[in-house]
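# Coordinate analysis (summary)
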Amino acid sequence: GGTTNDAGSSGTYDPTNRTITWTIIVNHMEASLTNAVIIDALPSGLTFDSATVQEWTGTAWGAATSLTPTGNNFAIGNISTKMLLTIVTKVTDEAYTAKITNFTNTASLKWDGGPATGPSASKTVGIGYNAISKSGTADVVSQQVHWTVTVDTKGQTIPDLTVYDLLVYGGSALNLSTVTGIPAGISTSDLTQRYNQKYEENSFAGSGLQIIVYPIERDGVRVADLLKITGFVMDAVNTFHFDTIVLNPAVFAGNSTTSVTNTATLFSANTKLNAATNSVNYPSRMLIKRMLTRTAAADPASGVNSGITNDMSLGFNYQEKSAVFRIGVNSNGMDLNNAVNAAG
C-alpha cells in the first residue's frame, strides 16, 4: 500500500516536505524462512527517510522496530509469521506543482533456499493535484459547445501562468510545422489538437482574465484558432468560459450522438505544466421517425409529440389495419441557412 501526507485537493498546497509511506506485507502463508530480505529500490524522485518492521501476533501487528537498509535490501531475519515493513520516503521538493505525479514502487522477497527471483508486488501512488479542470455542455440548436475551464494554484506562485487551447477546423491532425501563427517559444508537441471546432467570436468570459486568439494559417488559409488566456490570480479559483462552433456536418447535422472533445493546456510561460481534457455528447437529430399510438393517431396535430410508442401493439389500428408515423425534419431546430462547415 501507499499513502501521502500532502493536503491533496483542498486548502493551500505546499510542494515541500512531502512524504509517501509504503506498507509491504510478506509471508502471508507464515512459512519458516531463513535470512529473509525485502528488496525495495525506490523510484527516481523519492529518497529513503525511515523504516520499521512489525511481526504479526495472530490478532494484530506487534511493536514497530526501526530498520536500516543496506542499499535496497531490508533484512528481516528468520521469520515464521507475516511481517509488515513500513518505509517512509521523502518526495523531492518543488517550487510549485500543478499536476499529480505517480510513483510506482516494487518490492520483492528472497530467502535462503528460495527462488533467485522471489515473489514481488507493485503499488502506484499519486501525489500532488490537478491545477486545471475542464467541462462542457452541448448546444445543438446553436451548433455550439459551451466550455468551462478552472485554474487553481492553491496559493502557490506560478510565474506567467497561461492556458492554451488549439481548435482545428478540420477533422484530422495538422502538420504544425507547416502552419503560421503559433507564438514563438511554444513547442508544438505541447499543444493538443482538437478537431471540428472553431472559436465563437466574443464568446469568452472570465473575470480579470484576457484572451488572445491567434489565427493559424496554412498556405494563407485559416485552418485553426489558438486561444491564449492570461491574467490568472494565485489566491483564488480562476474560471473562464468560451464557446466553440461545431464544424463537421456529420456531427451537427447527423442522426447520432457524437463525442466532441477539447483540451486546455496549462503553461508557466513556455513550459507545459498540465492539461485538462473533457468530452461532451452532441446528440444530433436531423431526421427522426416515430410511431404514434392509436389514440394519438386519431388527432395527429395534438398527439404528435405526446403519443409516441415503440410498441407495435399500441400503434397498430386493428380496425383500419394501419399505423401512423411522425417524421421530424431538423428536429434540433437549427438555423441551417447559416450553418457553417470547416471550409466556412
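Everything below is about the structure printed above this text.
We now turn to the structure provided with this report. (Residues numbered from 1 in each chain as written. Predicted model: local features only at pLDDT ≥ 70, side-chain atom pairs only at ≥ 80, totals over all residues. Heavy atoms only, no water.)

When you go through the chain residue by residue, the secondary structure sums to four helices and 22 strands. A principal-axis box enclosing the C-alpha atoms of the chain has dimensions of 90 × 65 × 35 Å. For the chain, the proportion of its 344 residues judged to be buried stands at 40%. Of all intrachain contacts in the chain linking residues separated by at least 6 positions in sequence, the fraction that spans at least 24 positions is 71%. A total of about 17,400 Å² of accessible surface is found on the chain, and carbon and sulfur atoms cover 49% of it. Considering the chain, the positive charge centre built from 20 side chains and the negative charge centre built from 25 side chains are found 8 Å apart. (Helix = DSSP H or I, 4+ residues; strand = E, 2+ residues; numbered from the N terminus. Buried < 20%, exposed > 50% of the residue type's maximum accessible area, 1.4 Å probe, protein only. Contact = heavy atoms within 4.5 Å. Areas by Shrake-Rupley, 256 points an atom, 1.4 Å probe, with all protein chains shown as cover. Lys, Arg positive; Asp, Glu negative; His and termini not counted. Charge placed at Lys NZ, Arg CZ, Asp CG, Glu CD.)

Here we take up the pattern of salt bridges. Under the definition given, this model contains five salt bridges. The residue K134 makes a salt bridge to D165 at a minimum N-O spacing of 3.5 Å. Residue K134 is found in strand β10 (residues 132-139), and its partner D165 is found in strand β12 (residues 161-168); the two are separated by 31 residues along the sequence. Its relative accessible area of 10% is what places K134 among the buried residues. Classification of D165 as buried rests on a relative accessible area of 2%. For the salt bridge of D225 with R222, the shortest nitrogen-to-oxygen distance reads 2.8 Å. When its relative accessible area of 1% is taken as the criterion, D225 is described as buried. (Salt bridge = Lys/Arg side-chain N within 4 Å of Asp/Glu carboxyl O.)

Bringing the environment of N196 into the picture now. By the secondary structure assignment, N196 is in the loop between β13 (193-194) and β14 (197-199). Those residues in contact with N196 that lie beyond four places of it in its chain are V168, Y169, G170, G171, I245, V246, L247 and N248. Here G171 takes part through its backbone nitrogen, which lies 3.5 Å from a polar atom of the side chain of N196. (Polar contact = N/O pair within 3.5 Å; in protein donor to acceptor, adjacent residues only side chain to side chain.)

What follows concerns the packing of aromatic side chains. Applying the stated criterion to the full structure yields nine aromatic pairs. On the numbers, 5.0 Å between centres and 70° between planes, the contact of W56 with W61 is edge-to-face. Considering the side-chain rings of Y164 and F267, the 5.1 Å spacing of their centres and the 85° angle between planes classify their relative orientation as edge-to-face. Placement of the pair is Y164 in strand β12 and F267 in strand β18 (residues 257-268), with a sequence separation of 103 residues. Relative accessible area serves as the criterion here: at 3%, Y164 is assigned to the buried category. (Phe/Tyr/Trp six-rings, centres within 6.5 Å; stacked < 30°, edge-to-face > 60°.)

The next point concerns the layout of surface pockets. By volume, the largest pocket amounts to about 270 Å³. If you go around the largest pocket, you meet 19 residues; those closest to its centre are I24, I25, A107, S120 and A121. Elements supplying a minimum of two residues to the lining of the largest pocket: β2 (19-26), β8 (100-110) and β9 (120-128). Each residue belonging to the lining of the largest pocket can be placed in one class, and the counts come to eight nonpolar, nine polar and two charged. (1 Å grid on protein atoms, 1.4 Å probe; cavity = no way out; pocket = protein on both sides within 12 Å on 5 of 7 lines; lining within 4 Å. Points joined across faces, edges and corners; volume = space filled by probe spheres on them. Nonpolar A, V, L, I, M, F, W, Y, C, P; charged D, E, K, R; others polar.)

Moving on, we come to the side chain of R326. Checked against the element boundaries, R326 lands in strand β22 (residues 325-329). The contacts of R326, once residues within four sequence positions are left out, are I288, K289, R290, L292, V304, N305 and I308.

In space, the five strands of this open sheet follow the order β1-β2-β7-β4-β5, with antiparallel pairing throughout. Whereas interior strands pair on both sides, the edge strands pair on one side only; in this sheet they are β1 (2-4) and β5 (65-66). Relative to strand β7 (residues 83-91), strand β4 (residues 46-55) runs antiparallel, the two being bridged by nine bridges. By the bridge assignment for β7, S50 is matched with V88. (Pairing = 2+ DSSP bridges.)

Hydrogen bonding along the main chain pairs the strands of a sheet, whether they run parallel or antiparallel. Overall, antiparallel pairing links the four strands, which are arranged β6-β3-β8-β9 in an open sheet. Each having just a single partner strand, β6 (73-79) and β9 make up the two edges of the open sheet. Taking the axes of each pair of neighbouring strands and ignoring which way they run, one obtains an average angle of 20° across the sheet. Pairing between strand β3 (residues 33-40) and β6: five bridges, direction antiparallel. Bridging across to β6, L33 finds its partner in I79. (Axes fitted to C-alpha atoms, helices over the stretch in contact; angles between N-to-C directions.)

So, about unusual backbone geometry. Positive phi outside glycine occurs at N35, with the angle close to 50°. Within the secondary structure, N35 is located in strand β3. With relative accessibility at 42%, the residue N35 sits in the partly exposed group. You will see that N330, though not glycine, has its phi angle at about 55°, which is positive. Here N330 lies in the segment after β22. Assessed through its relative accessible area of 18%, N330 is described here as buried.

It is worth stressing that arrangement in space is one thing and function is another; only the former is reported here.
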